[in-house]
Amino acid sequence: MRRAAPVLLVQAVLWSTSALMLYPIAVMAFSGFRTTGEIFASPFALPDFSYIGNFVGILADGAFLGYFANSVVVTTGAVVLSVVLGTMAAYALARYEFPGNTALTLGFLAGLMLPLKLAVIPLFIELRNIGLLDTRAGLILVYAAIGTPSVVFILTGFLRTLPAEMEQAARIDGASEPRIMLQVMLPLARPALVIAAINNAIPVWNDFFFPLVFIQSESRKTLPQGLTGFIGEYATNWGVLFAGLTLA
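Now for a description of the structure that goes with this document. In this convention, every chain numbers its residues from 1, walking through the sequence in written order. Confidence filtering applies because this is a predicted model: local features only for residues at pLDDT of at least 70, side-chain atom pairs given and counted only at 80 or more, and all residues used for totals across whole chains, interfaces and linings. Note: side-chain values were computed over all heavy atoms of the structure, leaving out hydrogens and water.

### Structural notes on the overall build of the protein
Link 1 in the chain: Going along the chain from the N terminus, every DSSP run of H or I of four or more residues is numbered as a helix, and every run of E of two or more is numbered as a strand. Of regular secondary structure, the protein possesses 13 helices and 0 strands.
Link 2 in the chain: Along the protein, from the amino end to the carboxyl end, the secondary structure elements read α-α-α-α-α-α-α-α-α-α-α-α-α.
Link 3 in the chain: Based on C-alpha atoms, the radius of gyration is set beside the globule rule, defined as 2.2 Å times the residue count to the power 0.38. The C-alpha radius of gyration of the protein comes to 23 Å, more than 25% above the 18 Å expected for a compact globule of 248 residues.
Link 4 in the chain: Looking at the protein as a whole, 34% of its 248 residues are labelled buried.
Link 5 in the chain: Considering only contacts within the protein whose residues lie at least 6 apart along the sequence, 70% involve residues at least 24 apart.
Link 6 in the chain: Taken as a whole, the protein presents about 14600 Å² of accessible surface, with 72% of it coming from carbon and sulfur. Residue burial is assigned from relative accessible area. The probe radius is 1.4 Å, only protein chains are included, and a residue is buried under 20% of its type maximum, exposed over 50%, and partly exposed in between. The criterion used for residue contact is that any of the two residues' heavy atoms lie within 4.5 Å. Under the convention used here, a 1.4 Å probe and the Shrake-Rupley method define accessible areas, while residue burial counts only the protein chains that appear.

### Things to note about the pattern of salt bridges
Link 1 in the chain: Here, a salt bridge means any side-chain nitrogen of Lys or Arg that lies within 4 Å of a carboxyl oxygen of Asp or Glu. Inspection of the entire model under this criterion finds 5 salt bridges.
Link 2 in the chain: With its nearest N and O atoms 2.7 Å apart, the salt bridge here joins R95 to E167. Placement of the pair is R95 in helix 4 (residues 62-95) and E167 in helix 8 (residues 164-172), with a sequence separation of 72 residues. Residue R95 shares its accessibility class with E167, and that shared class is buried.
Link 3 in the chain: The partner of E167 in a salt bridge is R171, and the shortest N-O contact between them spans 2.9 Å. On the criterion of helical spacing, the pair formed by E167 and R171 is a turn pair, its members being 4 residues apart in helix 8.
Link 4 in the chain: The partly exposed category is assigned to R171, whose relative accessible area is 34%.
Link 5 in the chain: Salt bridges sharing partners connect three or more residues here, namely R95, E167, R171 and E177.

### Here we look at the nonpolar core
Link 1 in the chain: Judged by nonpolar contacts, the single largest core of 19 residues is most densely connected at V83, Y91, V151, L155, L159, I180 and M185.
Link 2 in the chain: Examining the composition of this core, we find that 5 residues originate from one element, helix 4, more than from any other.
Link 3 in the chain: Throughout this description, the term nonpolar core refers to a set of buried Ala, Val, Leu, Ile, Met, Phe, Trp, Tyr and Cys residues connected via side-chain atoms within 4.5 Å. By size, the runner-up hydrophobic cluster in this structure holds 13 residues, among which are L123, L139, V204 and F210.

### A short note on helix 13 (residues 238-247)
Link 1 in the chain: Residues G239, V240, L241, A243 and G244 constitute the buried set of helix 13.
Link 2 in the chain: Buried residues along helix 13 sit against helix 1 (4-31), helix 2 (36-41), helix 3 (53-60), helix 4 and helix 12 (223-227).

Read these as spatial facts, not as claims about activity.
Now the structure itself:
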């Protein structure tokens, strides 16, 4: 019983924290099933879920589907690029000893400490000069640059824990270095790869700042940027906006 009490206390704290974090999301989702007038009349009341006009309206809007597709393309491209590049760098840093290994590792770690938003003006000029301003490819490259250091950080620590005997056995069997990495070591690092991918996907999907700076065309806007179009200067259809946020 004495051991059970701390466990119950921890579980109570975790459940309470989860409820606190999920409550605003629930309010947002419920508000998508109500009109703007109903939201202001009783913002925290439960809807009857019979009104789906907000969801029908926003799905019928071709702009929203375009924003959604842009977010999918940018997020997928950025995550794939950052994970591929970060995995190759992390494998080299974790499994090989060479001059400058520590310096390169610290260089990647420095990328976690320096926010790329401080370099937004040089980035804007560089993307303009190479013709990638107002393009999805430009956003993908920026996000990949931001995400690669975190992939290197996560995978380097994980790959260093893998036993060297498996690597040596593969070499004795005549496996090449790329084959050892792809078929022997990386399958063991799948949990770390998933963590790295999720860690990069969520910030990219939710980011508003870089699309606002680098994207001007309506057809290339991502979801966070595009949903601001539902906020009017004098009036806002909050039901439609909450429906869009719920789908996003």
